[in-house]
Amino acid sequence: MTPTHFSFTTAFILGLMGVAFHRTHLLSALLCLEGMMLSLFIALSVWSFQMGVTNFTPAPMMLLAFSACEASAGLALLVATARTHGTDRLQNLNLLQC
């Protein structure tokens, strides 16, 4: 495994561990998801550049577009929960309440 692949894999795993273990605030979970998407974007870009695959070059840009859509939806949810519940702590959110 090259150092480049190791750094992308480490960044993705750290983001995944942040989502899995440090679920206190919604904002921290969203930042971990964005870190995971950014590492995937860079890994796909480097992979298509190293392999010389020309028909795969739009895939990283599509991933980046979906990542931007995910970020905007996440921030909209963050604002909505902060307005209704007064905080962004995930433990205060109860999905069973109306």
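Residues numbered from 1 in each chain as written. Predicted model: local features only at pLDDT ≥ 70, side-chain atom pairs only at ≥ 80, totals over all residues. Heavy atoms only, no water.

A. Examining the overall build of the protein chain more closely. On a plain count of helices and strands, the protein chain comes out with three helices and zero strands. The helix and strand sequence of the protein chain, counted from the amino end, reads α-α-α. Relative to the 2.2 N^0.38 estimate, which gives 13 Å for 98 residues, the radius of gyration of the protein chain is 17 Å and therefore markedly larger than a compact globule would have. Considering only C-alpha atoms, the protein chain reaches an extent of 50 × 25 × 20 Å along its principal axes. Counting the 98 residues in the protein chain, one finds 17% classified as buried. Across the protein chain, the fraction of contacts at a sequence separation of at least 24, relative to all contacts at a separation of at least 6, is 56%. When the accessible surface of the protein chain is summed, it comes to about 7000 Å², and 74% of that surface belongs to carbon and sulfur atoms. (Helix = DSSP H or I, 4+ residues; strand = E, 2+ residues; numbered from the N terminus. Rg over C-alpha atoms; globule rule 2.2 N^0.38 Å. Buried < 20%, exposed > 50% of the residue type's maximum accessible area, 1.4 Å probe, protein only. Contact = heavy atoms within 4.5 Å. Areas by Shrake-Rupley, 256 points an atom, 1.4 Å probe, with all protein chains shown as cover.)

B. Representation of the UniProt feature "transmembrane region" (unreviewed entry) in the protein chain in the model. Residues given the UniProt feature "transmembrane region" (unreviewed entry) here are residues 6-22, 29-49 and 61-80. The straight-line gap between the two end C-alpha atoms of residues 29-49 is 30 Å; of that span, 100% is helix and 0% is strand. Between the end C-alpha atoms of residues 61-80 there is a gap of 29 Å, over a span that is 100% helix and 0% strand. (UniProt positions renumbered as here; feature names shortened; annotations may be inferred.)

C. How the structure looks around the packing of aromatic side chains. Overall, the coordinates contain one aromatic pair when judged by the stated rule. A ring pair is formed by Trp47 and Phe56, whose centres lie 5.0 Å apart and whose planes are at 90 degrees; its orientation type is edge-to-face. Judged by relative accessible area, which is 36%, Trp47 ranks as partly exposed. The class for Phe56 is partly exposed, based on a relative accessible area of 28%. (Phe/Tyr/Trp six-rings, centres within 6.5 Å; stacked < 30°, edge-to-face > 60°.)

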